[in-house]
Amino acid sequence: MKLRIAVEGLGACAGCEIAILDLHEEIVSLLQDMEIDYAPILIDKKSLDHNVDVLLLSGSVRNKHDAEEAARLCEKAKITIAFGSCASFGGIPGLANLYATRELLERVYLTTESTDNEQRILPSEEVPPIEQVIKPLKEWVKISYNIPGCPPQPKLIKEMFQMLLSGKPVTLSKKTVCDECDLKREEKKITRILRWGQGEPDSSLCLLEQGYFCAGPATRAGCEAKCLAAPMPCRGCMGPPENVTDQGAKMASAIASVASIDEKNRVDPEQLATMFKDAVGSLYRFTLPSSTIPRRVFERKGK
């Protein structure tokens, strides 16, 4: 019997589903032992009307329709995998938790520079109600495993399928991206935090030690450090490493450990902190909804 697979995306960009095709010819050998029964982005099939062994569910629940679809599909699967960073942690869409729902709607439909809406009407007909916040999929449905990445890398996807086919639990690396990175480290102390594009980095040396924000120390391995080989700083899409709950707090600690703050006070900690142009967007780019404080706290008006 072949392993029957279903693939669906909720509020997402479809990059995770397309990443399956990045297996190229390797997917042909995998399909000898498994069958993709349902994947709207890949296969012209309108609905899943039977049970499957594994459901790969990507994206996030942004509205009532997403929530209902996630629950319906999970009932048909023995194993449900949160596929990609949005499903696993909240992902980039989770940064919307920094704003009230009304703010988001007004920005999208009323105040964007390209909007032509003189009547200032917000869509209401045939539009599913918006959820107030983005949350990891595990808070909506029962999740068996997470496969992180934006999108997950082909090697990780292949390993996931191989573990499923062998009947083994799906496991992830316990290392960090720094362990996979080939850039040379010299244990230098930094006195500044740079945004990518400032100055000219040495492509052979650790970017964090050069002052560039790189989330490698606080990010789970499994991506083969492909961004750093470019070289581009790690942005943290694989989420926190083993036994770390809050990726942003872990990264702040990593920066403090390499900052030149000692008895001579060579750099002012507060000044270093102000060099972050977008602290939340940097430290929690992919994991805000799964962090210790998963949303902006608004003052309650009235009683």
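Residues numbered from 1 in each chain as written. Predicted model: local features only at pLDDT ≥ 70, side-chain atom pairs only at ≥ 80, totals over all residues. Heavy atoms only, no water.

Engineer: Hey, could you run me through the packing of aromatic side chains in this one?
Structural biologist: Think of a pair of aromatic rings as described by two things: how far the centres are apart, and how the planes are tilted against each other in angle. Tallied over the entire structure, the rule returns one aromatic pair. Here tryptophan 196 and tyrosine 212 contribute two aromatic rings whose centre-to-centre distance is 5.1 Å and whose plane-to-plane angle is 65°, an arrangement assigned as edge-to-face. Of this pair, tryptophan 196 sits in the loop between α7 (177–180) and α8 (226–229) while tyrosine 212 sits in the loop between α7 and α8, and the two are 16 residues apart along the sequence. Judged by its relative accessible area of 30%, tryptophan 196 falls in the partly exposed class. A cation over a ring is seen here: lysine 135 above tryptophan 140, with NZ or CZ 4.2 Å from the ring centre. (Phe/Tyr/Trp six-rings, centres within 6.5 Å; stacked < 30°, edge-to-face > 60°. Helix = DSSP H or I, 4+ residues; strand = E, 2+ residues; numbered from the N terminus. Buried < 20%, exposed > 50% of the residue type's maximum accessible area, 1.4 Å probe, protein only. Lys NZ or Arg CZ within 6 Å of the ring centre and 35° of its normal.)

Engineer: Would you take a moment to explain the sheet that holds strand β1 (residues 3–9) for this structure?
Structural biologist: Across a sheet, paired strands are connected by hydrogen bonds in the backbone, their directions being either parallel or antiparallel. Within the open sheet, the five strands sit side by side as β2-β1-β3-β4-β5. Their pairing is parallel. Strands with a single pairing partner mark the edges of an open sheet, and in this sheet they are β2 (34–38) and β5 (145–147). Within this sheet the neighbouring strands show an average axis-to-axis angle of 30°, counted without direction. With five bridges joining them, β1 and strand β3 (residues 52–58) adopt parallel strand pairing. Bridged to glutamate 8 within β3 is leucine 57. Each of β1, β2, β3 and β4 (77–83) is contacted by helix α3 (residues 64–74), which is oriented at about 160° to β3, the strand it contacts most. Along the sheet, helix α6 (residues 154–166) contacts β1, β2, β3, β4 and β5; its crossing angle with β4, the most-contacted strand, is approximately 165°. (Pairing = 2+ DSSP bridges. Axes fitted to C-alpha atoms, helices over the stretch in contact; angles between N-to-C directions. Contact = heavy atoms within 4.5 Å.)

Engineer: What is the right way to look at helix α9 (residues 247–258) in this model?
Structural biologist: Because an α-helix packs 3.6 residues into every turn, residues spaced three or four apart end up facing the same way. Here α9 spans 17 Å end to end across 12 residues, near enough to the 16 Å set by a 1.5 Å rise per residue. Burial in α9 covers these residues: Gln247, Gly248, Met251, Ala254, Ile255 and Val258. Viewed along the axis of α9, the buried residues span an arc of 120°, placing them on a single side of the element. In this fold, the buried residues of α9 make contact with α11 (279–283). (Expected span 1.5 Å × (residues − 1). Arc of directions from axis to C-beta.)

Engineer: For this particular structure, what's the right way to read the side chain of aspartate 246?
Structural biologist: Counting through the fold element by element, aspartate 246 comes out in the loop between α8 and α9. Although aspartate 246 is buried, it forms no salt bridge, and the closest oppositely charged side chain is lysine 250 at an N-O distance of 11 Å. If near-sequence neighbours (up to four positions away) are discounted, aspartate 246 is found in contact with Tyr284, Ser291 and Thr292. (Lys, Arg positive; Asp, Glu negative; His and termini not counted. Salt bridge = Lys/Arg side-chain N within 4 Å of Asp/Glu carboxyl O.)

Engineer: Explain the environment of arginine 285 here, please?
Structural biologist: By the secondary structure assignment, arginine 285 is in the segment after α11. Its relative accessible area of 29% is what places arginine 285 among the partly exposed residues. Measuring from C-alpha to C-alpha, the distance between arginine 285 and isoleucine 130 comes to 22 Å, with 155 residues separating the pair along the chain. Sequence-distant contacts of arginine 285, defined by excluding residues within four places in its chain, comprise Gly91, Ile92, Leu95, Arg235 and Val280.

Engineer: Is there a simple way to explain the pattern of salt bridges in this structure?
Structural biologist: For the structure shown, the criterion picks out 11 salt bridges. The partner of aspartate 53 in a salt bridge is lysine 78, and the shortest N-O contact between them spans 3.3 Å. Remark: lysine 78 occurs in strand β4 and aspartate 53 occurs in strand β3; sequence separation between them is 25 residues. Residue glutamate 69 is joined to arginine 72 by a salt bridge in which the shortest nitrogen-to-oxygen separation is 2.9 Å. Highlighted residues: glutamate 69 and arginine 72, both in helix α3, separated by three residues, approximately one helical turn.

Engineer: Please explain the nonpolar core as it appears in this structure.
Structural biologist: Side chains of nonpolar character tend, in soluble globular proteins, to be buried together. Counting residues in each nonpolar core, the largest one holds 56 residues, and the members touching the most others are Ile5, Leu56, Met160, Phe161, Leu228 and Met251. Mapped by element, the contributors of at least two residues to this core are β1, α1 (15–19), α2 (26–30), β2, β3, β4, α6 and α9. Looking at which element gives the most residues to this core, the answer is α6, with six residues. Apart from residues lying up to four places away in sequence, phenylalanine 161 is in contact with Ile5, Ile20, Leu23, Leu30, Met34 and Leu56. Of all hydrophobic cores here, the second largest spans 18 residues; its members include Leu48, Leu55, Leu57 and Ala77. (Core = buried A, V, L, I, M, F, W, Y, C linked by side-chain atoms within 4.5 Å.)

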